[in-house]
Amino acid sequence: MFPLRRNRRLRTTSALRALVRETIITPNDFLVPLFVVEGKGVKDEIASMPNYFRYSLDLLEHEVKSLWALGLKSVLLFVKVPDNLKDNIGTEALNQDGLMQRAIKTVKNVCPDMLVMTDVALDPYSVYGHDGIIENGEIINDDTAAFLAEMSVSHAKAGADFVAPSDMMDGRILTIREALENEGLINTGIMSYSAKYASAFYGPFRDALDSAPVDLIDIPKDKKTYQMDFGNRFEAIRETEMDINEGADIVMVKPGLCYLDIVRDIKNAVEVPVAVYQVSGEYAMLKAAAEKGWLDHDAVMMEQVTSIKRAGADIIGSYFAKDVVKLIS
Ligand code: PBG
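A brief look at the structure comes next.

The rules we used
- Residues numbered from 1 in each chain as written.
- Predicted model: local features only at pLDDT ≥ 70, side-chain atom pairs only at ≥ 80, totals over all residues.
- Heavy atoms only, no water.
- 1 Å grid on protein atoms, 1.4 Å probe; cavity = no way out; pocket = protein on both sides within 12 Å on 5 of 7 lines; lining within 4 Å.
- Points joined across faces, edges and corners; volume = space filled by probe spheres on them.
- Nonpolar A, V, L, I, M, F, W, Y, C, P; charged D, E, K, R; others polar.
- Phe/Tyr/Trp six-rings, centres within 6.5 Å; stacked < 30°, edge-to-face > 60°.
- Helix = DSSP H or I, 4+ residues; strand = E, 2+ residues; numbered from the N terminus.
- Buried < 20%, exposed > 50% of the residue type's maximum accessible area, 1.4 Å probe, protein only.
- Core = buried A, V, L, I, M, F, W, Y, C linked by side-chain atoms within 4.5 Å.
- Pairing = 2+ DSSP bridges.
- Right-handed = clockwise from strand over helix to strand, strands pointing away.

1. Quick notes on empty space enclosed by the protein
So, point 1. Summed over the entire model, instances satisfying the criterion amount to three cavities of 30 Å³ or more.
So, point 2. By volume, the largest cavity amounts to about 80 Å³.
So, point 3. Taken together, Asp123, Lys196, Tyr202, Phe205, Arg206, Lys223, Lys254, Tyr277, Val279, Ser280 and Tyr319 make up the full set of residues lining the largest cavity.
So, point 4. Of the residues that constitute the lining of the largest cavity, the class distribution is five nonpolar, one polar and five charged.
So, point 5. In this model, the second largest cavity occupies a volume close to 40 Å³.
So, point 6. Surrounding the second largest cavity, Glu38, Val81, Pro82, Leu85, Glu92, Gly98, Leu99, Met100, Gln101 and Tyr125 form its lining.
So, point 7. Classifying every residue of the lining of the second largest cavity by side-chain character gives six nonpolar, two polar and two charged.

Below, the structure is given as structure tokens:
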């Protein structure tokens, strides 16, 4: 008998399609990246990220309230550090009254239940735009990890719920976990950027924070000695399993769309929540194509975030979070 099973039957009406849909996007899926700057009344659009802004602390308050009202309950903070406060070792990152520390308090103050995660990395604080301390033309691992542990403690003391090291130094999760435990900060979580690739998709983000690696003869201009080679797959599992063994509560794959095979590999391999960062370049590409009228912005956006979740993401870090939630609510 032809055919016993007609797969199109389950696609006949929108009610039926809704009933059998496997992957549903909700506001709970998202982690919202926020860029913070010094000043008052600043809401600066990032040139390569249309409709995405850097906020001064006063306007950050409004933004956080509006996220909460939309049902977005987790943020990931990044700061743009003034040039005169940058050096090789990231001294300013430990200033207990620094921009990040004040930003954490600002968010917690206006919205105590908002989950606050912080980017733990040297690059916004580094004159060289690197995620590590440089010595003799090399990004040195262990001193950087120790510094990131101090930075994590500083963020946790300011009120961060989670620290999110995005540097890819070896052993930094253990170093950070031990430092937090030693300070009695036992409930501060670690979301590790565990499989972070050396990607050209981070360009707009580096514009946003003015944190691109500088061009100097004796220092590599890219991040390939610490971030992963995009040709590698098994290495992502190894990196991720090591981070879990060192104490990571949540692991992350970054970027998103080009790496959904890795997301699925990791989802199948581990038993902690998996986050995926749909990064700045992914946001910029869709915004640009939509501006030209070449792609349907909202339709492509929903297809993208749904694909990320379908691939295995429990958490989606995305600049589209607000757009998505407005669209589906
Ligand atoms: C910094 C950091 C980067 C991103 C998140 N944290 C840039 C980099 O590694 O160069 C990229 C995020 C994005 O592109 O949206 N350590």
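There's plenty left to go through after this.
2. Digging into the packing of aromatic side chains
So, point 1. Scanning the model with the defined rule gives 13 aromatic pairs in all.
So, point 2. When the centroid spacing of 6.0 Å and the interplanar angle of 80 degrees are considered together, the rings of Phe35 and Tyr52 count as edge-to-face. Placement of the pair is Phe35 in strand β1 (residues 30–37) and Tyr52 in strand β3 (residues 49–56), with a sequence separation of 17 residues. Accessibility classification places Phe35 together with Tyr52 in one group, the buried group.
So, point 3. Seen from their ring centres, Tyr283 and Tyr319 are 5.9 Å apart, and the 65 degrees between their planes marks the pair as edge-to-face. Placement of the pair is Tyr283 in helix α9 (residues 280–291) and Tyr319 in the loop between β12 (315–318) and α11 (321–328), with a sequence separation of 36 residues.
So, point 4. A relative accessible area of 3% means that Tyr319 is categorised as buried.

3. What to know about the nonpolar core
So, point 1. If you look at the biggest cluster of nonpolar residues, it comprises 105 residues, and the most contacted ones within it are Phe35, Met191 and Ile266.
So, point 2. The element contributing the most residues to this core is helix α4 (residues 141–158), with seven residues.

4. Quick word on the pairing of strand β5 (residues 115–120)
So, point 1. With five of its six residues buried, β5 lies for the most part within the structure.
So, point 2. For strand β4 (residues 74–79) and β5, the ladder comprises four bridges, and the chain directions are parallel. Each bridged residue has a counterpart across the sheet, and for Ser74 the counterpart in β5 is Leu115.
So, point 3. After leaving β4, the chain enters helix α3 (residues 99–110) and then returns to the sheet as β5, a path that is right-handed.

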